[in-house]
Amino acid sequence: MRVGLYASCLADLLRPGVAMAALELLEAAGCEVVVPEQSCCGQPAYNGGERALARRLAIQAIERFEDCDYVVLPSGSCAGMMRRHYGALLAGGDLAPGRVDAFAAKVHELADFLVTVLDYRPAARLAATASYHDGCAGLRELGVKAQPRALLAQVEGLELREMAEAEQCCGFGGSFAAKYPEISCAIADKKCAALAATGADTLIAGDLGCLLHLEGRLRARGDKRTRLVHFAEVLTGRAER
């Protein structure tokens, strides 16, 4: 099984350990992993109305990854862009609709791929109490909710505590946080309060945008204790390193 790993911009630029953890997981599951040359999936341009740029980036992604059996991303938002929006974005363009649809069909968010395609059973340990935050795109566009929890439930020493309104937005939303900082911070504050109510010492998520946004808000509120990690880091032991 040839799997193309699409690292995502945030992992590449800010938290490369997440991309490395995803690579470790896929290889441990028996996949032949390739990492073609890549750049942005086009989501920021698409959301910002720069459709011509978004189309160029989408075509580039398809051309570089379409010889893979699957395309896997440690990001629900990037995977959602590829799987749910490439078809409409590229409609009427140079690529045949069947080619775009075939590519989109093999795109998976990492936790979903590990659980639903591979039935992967992790062998990991983390002594922590943690709560899981559902990223909006992964949850609403791809149905990713039970999958990461199923994987984390197998981690020795990890106690999961559900926070109130776990499915609610963290307030990041890409450029939304820059355009509407007061609203963004108010939403994040609700999430931070819900996390604090659980007594958990760790917040786990599957989207780096959410994690970075909430980490910034927690630190601004004076919380220097809570650890924020991607689930791939937990499953590979990188959260303890």
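None of these values were measured; they are calculated from a predicted model.

Caption draft 1: Just empty space enclosed by the protein, in detail. Summed over the entire model, instances satisfying the criterion amount to 1 cavity of 30 Å³ or more. The computed volume of the largest cavity comes to approximately 90 Å³. Secondary-structure elements contributing two or more residues to the lining of the largest cavity are β5 (125-133) and α8 (136-142). Grouping the constituent residues of the lining of the largest cavity by class yields 4 nonpolar, 5 polar and 3 charged.

Caption draft 2: Geometry of the environment of Phe 65. Summarising the element assignment, Phe 65 is placed in helix α4 (residues 51-65). When its relative accessible area of 0% is taken as the criterion, Phe 65 is described as buried. Phe 65 has contacts with Gly 4, Leu 5, Tyr 6, Pro 36, Glu 37, Gln 38, Val 71, Phe 103 and Lys 106, leaving out every residue within four places of it along the chain.

Caption draft 3: Here's a closer look at the sheet that holds strand β7 (residues 202-205). Taken together, 4 strands build an open sheet; the order of strands is β6-β5-β7-β8 and the sheet is parallel. Of all the strands in the sheet, the pair left with one neighbour each is β6 (156-160) and β8 (227-230). Taken over all neighbouring pairs, the strand axes of this sheet differ in orientation by 35° on average, direction set aside. Summarising the sheet, β7 and β8 pair through 4 bridges and their orientation is parallel.

Calculation rules
- Residues numbered from 1 in each chain as written.
- Predicted model: local features only at pLDDT ≥ 70, side-chain atom pairs only at ≥ 80, totals over all residues.
- Heavy atoms only, no water.
- 1 Å grid on protein atoms, 1.4 Å probe; cavity = no way out; pocket = protein on both sides within 12 Å on 5 of 7 lines; lining within 4 Å.
- Points joined across faces, edges and corners; volume = space filled by probe spheres on them.
- Helix = DSSP H or I, 4+ residues; strand = E, 2+ residues; numbered from the N terminus.
- Nonpolar A, V, L, I, M, F, W, Y, C, P; charged D, E, K, R; others polar.
- Buried < 20%, exposed > 50% of the residue type's maximum accessible area, 1.4 Å probe, protein only.
- Contact = heavy atoms within 4.5 Å.
- Pairing = 2+ DSSP bridges.
- Axes fitted to C-alpha atoms, helices over the stretch in contact; angles between N-to-C directions.

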